[in-house]
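Letter by letter, the chains look like this.
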Amino acid sequence: MTETMRRASHTEITPINDRISWLPATSMPFCCDIVFIKSKDEQGEFTWIFDVGVGSAAADAINAVQGRKKIVISHFHPDHIVNLPFVKYDELYVSKYTKKYTRAGTVVAEPMDFGDVKIIPMPSSHAKGCLALIADGYAFLGDGAFCKYKGIHHLYNPQILYEMIKFMESTDCKYFCLDHEQNFIQNREPVLALYKDIYSRHKDSDGHEVKWINVDDYFPAG
């Protein structure tokens, strides 16, 4: 939630388990984490890729993947989609909001279950049309769990935050993977506890529902 960004160039692709790996996020260029998942279908082996990032290093890493590639875009922000015209792929999955920018792809409006991978629409204060990708007990959330930025303020919509927490609980995953964080892979319970603590602010001192939950205090000044 604090989005503590790595300040380095792209490193090597890092394994998570025997079929999942990821390319860490960077701040120069400002690029999301990119996830690679080996899979199989009736046509044989292929690789799921969650987000495509920005910059030649990320594009080169994606293009270096051999065989078929199926890309899932978490949401439409530039650090997640800019490389799309520069990478080769066979299938693309996006939300209807992201398709306004990609102008291509299968729209994911409801959960899609591919057996070893699930693509699920995620309630998010950060951006409309966020998608999560679930595999092997890991929930890859992109920026979906993060707040909305309004001017200098960091805000959550209380109703959407409540729905997001319920969504995260429903995944029954052991780990949540949050883009741009120093620790990309985080244990389930502390993450849920954090967002439940934030949601506890949904009423003011008089007991009235607030329009936005302000979390500026979670971010360092300056």
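Residues numbered from 1 in each chain as written. Predicted model: local features only at pLDDT ≥ 70, side-chain atom pairs only at ≥ 80, totals over all residues. Heavy atoms only, no water.

S.K.: Report on the sheet that holds strand β7 (residues 68-72), specifying residues and quantitative values.
M.R.: A sheet is described by the order of its strands in space; here seven strands give the open sequence β1-β2-β5-β6-β7-β8-β9, paired in mixed fashion. Two strands bound the open sheet, and with one partner strand each, they are β1 (14-15) and β9 (106-107). Pairing geometry for strand β5 (residues 34-41) and strand β6 (residues 44-50), over seven bridges, is antiparallel. Looking at β6, one finds that Lys-40 is bridged to Glu-45. Helix α1 (residues 56-63) contacts β2 (20-23), β5, β6 and β7 of the sheet and is inclined by roughly 15 degrees relative to β5. (Pairing = 2+ DSSP bridges. Helix = DSSP H or I, 4+ residues; strand = E, 2+ residues; numbered from the N terminus. Contact = heavy atoms within 4.5 Å. Axes fitted to C-alpha atoms, helices over the stretch in contact; angles between N-to-C directions.)

S.K.: Talk me through helix α5 (residues 188-199); I want residue IDs and the actual numbers.
M.R.: Think of an α-helix as turning once every 3.6 residues; residues three or four places apart then point the same way. The end-to-end C-alpha distance of α5 is 17 Å, a good match for the 16 Å that 12 residues give at a rise of 1.5 Å each. Considered for burial, the residues of α5 that qualify are Arg-188, Val-191, Leu-192, Tyr-195 and Ile-198. In an axial view of α5, the angular spread of the buried residues amounts to 120 degrees, which keeps them on one side of the axis. Of the exposed residues in α5, those oriented more than 90 degrees away from the buried face are Glu-189 and Pro-190. Buried residues belonging to α5 abut β15 (153-156), α4 (158-171), β16 (175-177), β17 (185-187) and β18 (213-214). (Expected span 1.5 Å × (residues − 1). Buried < 20%, exposed > 50% of the residue type's maximum accessible area, 1.4 Å probe, protein only. Arc of directions from axis to C-beta.)

S.K.: Let's hear about the packing of aromatic side chains: which residues, and what values?
M.R.: Inspection of the entire model under this criterion finds 11 aromatic pairs. Joined through ring pairs, the aromatic side chains of Trp-22, Tyr-138, Phe-140, Tyr-175 and Phe-184 make up one cluster. The ring of Phe-46 has Lys-70 sitting right over it, with the charged end atom 4.1 Å from the ring centre. (Phe/Tyr/Trp six-rings, centres within 6.5 Å; stacked < 30°, edge-to-face > 60°. Lys NZ or Arg CZ within 6 Å of the ring centre and 35° of its normal.)

S.K.: I'd like a description of the packing of α4 against α5, backed by residues and values.
M.R.: At a closest axis distance of 10 Å, the pairing of α4 and α5 adopts a crossing angle of 160 degrees. What the angle tells us is that α4 and α5 run roughly antiparallel. Crossing of α4 against α5: the hand is left-handed. Facing Pro-158, Leu-161, Tyr-162, Met-164, Ile-165, Met-168, Glu-169 and Thr-171 of α4, the residues of α5 in contact are Arg-188, Val-191, Leu-192, Tyr-195, Lys-196, Ile-198 and Tyr-199. Here the contact of α4 with α5 is built from residues that sort into 11 nonpolar, one polar and three charged. (Parallel < 35°, antiparallel > 145°, perpendicular 65-115°, else oblique. Left-handed = near helix turned anticlockwise from the far one by under 90°. Nonpolar A, V, L, I, M, F, W, Y, C, P; charged D, E, K, R; others polar.)

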